[in-house]
Amino acid sequence: MRRTHLVATVAAVGLLAAACAGRPAPATEVATPGASAAAAATASGGAGHSPSSPSSAGPTPTPVASLGPGEGTLTVVAIDGYAEWGGVDPKVKWVGTFEKETGCKVSLRYYDPRQEEKPGDFPPSSFDVVSATPEVGGRLMDEGKAAPLNTALLDGYDKIPKRLRTLPSVTRDERVYGVPYVWATNEILYDAGKVSPDGPESLFRDKGPVMLRDRPLSLADAALVLKAQGTDAGADIKDPFDLTDAQLDAAAELFTSREDGRRVFWRDPVEVVQGFATGSVRLAQATPYHLDVLRRGHKPVRALPDRPVTGWADAWMMSAQAPHPSCAYKWLDFTTSAEVQRKVSAWMGLAPANPEGCTGAARRICADYGAGTSRAFRGVYFAVRPKEYDKWVERWSRIVS
C-alpha cells in the first residue's frame, strides 16, 4: 500500500518520494469500509446495516457521565497513517505506547475512504473508534452511528482551538461527535518558470497540464472561484460546501470548460511532487506541505496568496455502540496529547489539531500551516459533508470520467 507520508530521500530530482511498506502485524488488517463491515458482522454474528438507513444504529445515545476501568481491548478503524505501530518505520509508532499506558490492547483495521463513494458503512458494534474525514464523519452522524461525546472526560480536548472543536464536521445539534486530529488547507501551486497565474481561476483556465485533487469536495474550490468572480451562479454562494443544484452544475462546468486543457486527477500526494519535479505539471491543487517539500527540492514552485481557500479537518469518532467505551475515551484523549500530535503531524505532513504538538519534527510543518498562530484559520472554509452529497459524487464522476 502506498503511503500518503512523504519521506525525504536523496534522488536525482532532489526532493521527496513515498515510503511503501506492507503491514504484516497479526492484529492488523487493511480493508475497505464495506469489507470491514462484512467481516466484522460475520465475526460478531451480527448482520450488516444498510448505509441508506438513517435509523440503522437506533436512537442517539446519551454521552456517558463517567468512565469505569478500561475493558482491556479496543477496536480502532483508521485511515492509513493515522495509527502507527512501527510496521512501516520502527521509529514511527504510538499505538504501543497507548497499550502500555492504558492496558487497552488495540485491534487495528485500516480503510481508504477514497475507495468508497458511500463511506461510513461500518456496523456500529464492529468498532470502538474511527478516524473520519468530513465526508465519512458526516455520514456516521447522519446515520446515528457516531456517539455524542462527553468532552469533560477528555483532558486534552480544550487544548484544541475552538474553531476546530466547533466545526460542523464534528458537531451536530449542539453536541460534539468528533475530536479533531489533523487539518490542512488546499492551496494552488504553480511552476513560476512556466506560468504566471492571475488568480485561482487559472486552475481552470490554464492550458495545463493541471493536477486536481480527485475528491468530490474539490467542487467547493470551483465554487469559491465562482463566488469571487461574482457571476450569476456565484453571487449567492455563502458557503462553498452548501450549493444549490445550479451552483453545483456551474462549479462542475469549470472543470471541463477547456476542452483542450489537460487535467490530471491525483489521489496520492506524492504524485503532485513528482509532477512538479519532472516538469510535467504547471499548476496543481495541493497543500502548504507540498510547497515546502518542493522548495526544499529547489524547485521554482510558488503558491497563490489568494484567500479564501478550502480546508479540511479529520477527527476521531466513537461508535454509537462501542463495545469498549472506556478504552475508546482513553484513545480519544491519548490522540490529543502533544506527543501523538507531534508524531502524526511529522508523519503525515498535516497540521496537528493541538498546537502543543508543534515541536521537534512537526515544527516546520506547523510553520507551513501557521498552526498555533492567528493566521492559521484566516479565510479558510472547512469541509463538511454536503446535505446532498450523492449529487456531488455524481457530478464528480462525470468530470473524472
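Asker: It is not clear to me how the sheet that holds strand 10 (residues 187-191) should be interpreted in this structure. Could you clarify?
Answerer: Strand order in the open sheet made by the five strands is 12-11-13-10-14, with mixed pairing throughout. Only two strands of the sheet have a single partner each, and these edge strands are strand 12 (263-266) and strand 14 (301-303). Put simply, the sheet's adjacent strands are angled 30° from each other on average, direction ignored. Here three bridges tie strand 10 to strand 14, and the two strands are oriented antiparallel to one another. In the sheet register, L189 faces strand 14, and the bridge partner there is A303. Across the sheet, helix 8 (residues 269-277) lies against strand 10, strand 11 (210-213), strand 12, strand 13 (283-286) and strand 14, angled at about 155° from strand 13, the strand it touches most.

Asker: Sorry, what's going on with the packing of aromatic side chains here?
Answerer: Geometry of an aromatic ring pair is reported as the spacing of the ring centres plus the angle between the planes. Enumeration according to the criterion identifies 13 aromatic pairs in this entry. Where F98 meets F334, the ring centres are 5.3 Å apart and the plane angle is 55°; that geometry is what we call tilted. Residue F98 is found in helix 2 (residues 95-102), and its partner F334 is found in helix 10 (residues 325-334); the two are separated by 236 residues along the sequence. Comparing F98 with F334, the two get one shared label, buried. An aromatic cluster is present here, built from Y82, F98, Y181, W316, W331 and F334 joined pairwise through their rings. Note that R213 overlies the ring of W312, its terminal NZ or CZ placed 4.3 Å from the centroid.

Asker: So what exactly am I meant to see when it comes to the pairing of strand 13 here?
Answerer: Along any regular strand the residues' side chains alternate between the sheet's two faces. Neither face of strand 13 is left uncovered, since the one carrying L283 and Q285 and the one carrying A284 and A286 both have all their residues buried. Pairing of strand 10 with strand 13 involves four bridges; the strand directions are antiparallel. Its bridge partner lying in strand 13, E187 is registered against A286. Of the pairings in the sheet, the one linking strand 11 to strand 13 comprises two bridges and is parallel in character. Note on strand 13: the bridge partner recorded for V210 is L283.

Asker: How do you make sense of the pattern of salt bridges when you look at a structure like this?
Answerer: Should the charged atoms of two oppositely charged side chains come close, the side chains can pair. Applying the stated criterion to the full structure yields 17 salt bridges. In this structure, the salt-bridge partner of R172 is D142, at a minimum N-O distance of 2.8 Å. Taken together, the residues span a long stretch of sequence, with R172 in strand 7 (residues 171-172) and D142 in helix 3 (residues 134-142) at a distance of 30 residues. Within this structure, D249, E394, R395 and R398 form a network of salt bridges that share partners.

Asker: What am I meant to see in the environment of T97 here?
Answerer: As for its position among the elements, T97 is in helix 2. Looking at T97, the relative accessible area reads 25%, which means it is partly exposed. A C-alpha to C-alpha distance of 9.6 Å links T97 and F334, two positions 237 residues apart in sequence.

Asker: Teacher, can you tell me more about the nonpolar core here?
Answerer: Nonpolar side chains tend toward joint burial in soluble globular proteins. Counting residues in each nonpolar core, the largest one holds 116 residues, and the members touching the most others are L74, V76, L164, W183, L219, W316 and W331. With seven residues, strand 15 (residues 309-318) is the single largest residue contributor to this core.

Asker: Explain unusual backbone geometry here, please?
Answerer: When glycine is set aside, most residues are seen to have a negative phi, and most peptide bonds are trans. The omega angle of the peptide bond from G208 to P209 is 5°, so this bond is cis rather than trans. Structurally, the position occupied by P209 is in the loop between helix 5 (202-205) and strand 11. The omega torsion across R307 and P308 is 10°, close enough to zero to call that bond cis. With respect to the secondary-structure elements, P308 resides in the loop between strand 14 and strand 15. Phi is positive for D173, close to 55°, though the residue is something other than glycine. Along the chain, D173 falls in the loop between strand 7 and strand 8 (175-176). What makes D173 exposed here is its relative accessible area of 71%.

Thresholds, definitions, all that
- The numbers attached to residues start from 1 for each chain and follow its sequence in the written order.
- Per-residue local features of the predicted model are confined to residues with pLDDT of at least 70, and side-chain atom pairs are confined, for both listing and counting, to 80 or more; whole-chain, interface and lining totals are unaffected and use all residues.
- Water and hydrogen atoms play no part in the side-chain values, which are based on all heavy atoms of the structure.
- Two strands make a pair as long as DSSP finds a minimum of two bridges between them.
- Strands are runs of DSSP state E lasting at least two residues, helices are runs of H or I lasting at least four, and both sets are numbered from the N terminus onward.
- Axis definition: a line fitted to C-alpha atoms, over the contacting stretch in the case of helices. Angles run 0 to 180 degrees between N-to-C directions.
- Every residue pair with non-hydrogen atoms within 4.5 Å of one another is taken to be in contact.
- Centres within 6.5 Å are what make two rings of Phe, Tyr or Trp a pair, Trp counting through its six-membered ring; a difference in plane orientation under 30 degrees is then read as stacked, over 60 as edge-to-face, and the rest as tilted.
- Three labels apply to residues, based on accessible area from a 1.4 Å probe with only protein chains included: buried if under 20% of the type maximum, exposed if over 50%, partly exposed otherwise in between.
- Charge-over-ring placement is defined geometrically: NZ (Lys) or CZ (Arg) within 6 Å of the ring centre, and within 35 degrees of the ring normal.
- The working definition used for a salt bridge is a side-chain nitrogen of Lys or Arg within 4 Å of a carboxyl oxygen of Asp or Glu.
- Buried Ala, Val, Leu, Ile, Met, Phe, Trp, Tyr and Cys residues form a nonpolar core when they are joined through side-chain atoms within 4.5 Å.

These figures come from the coordinates and say nothing about function on their own.
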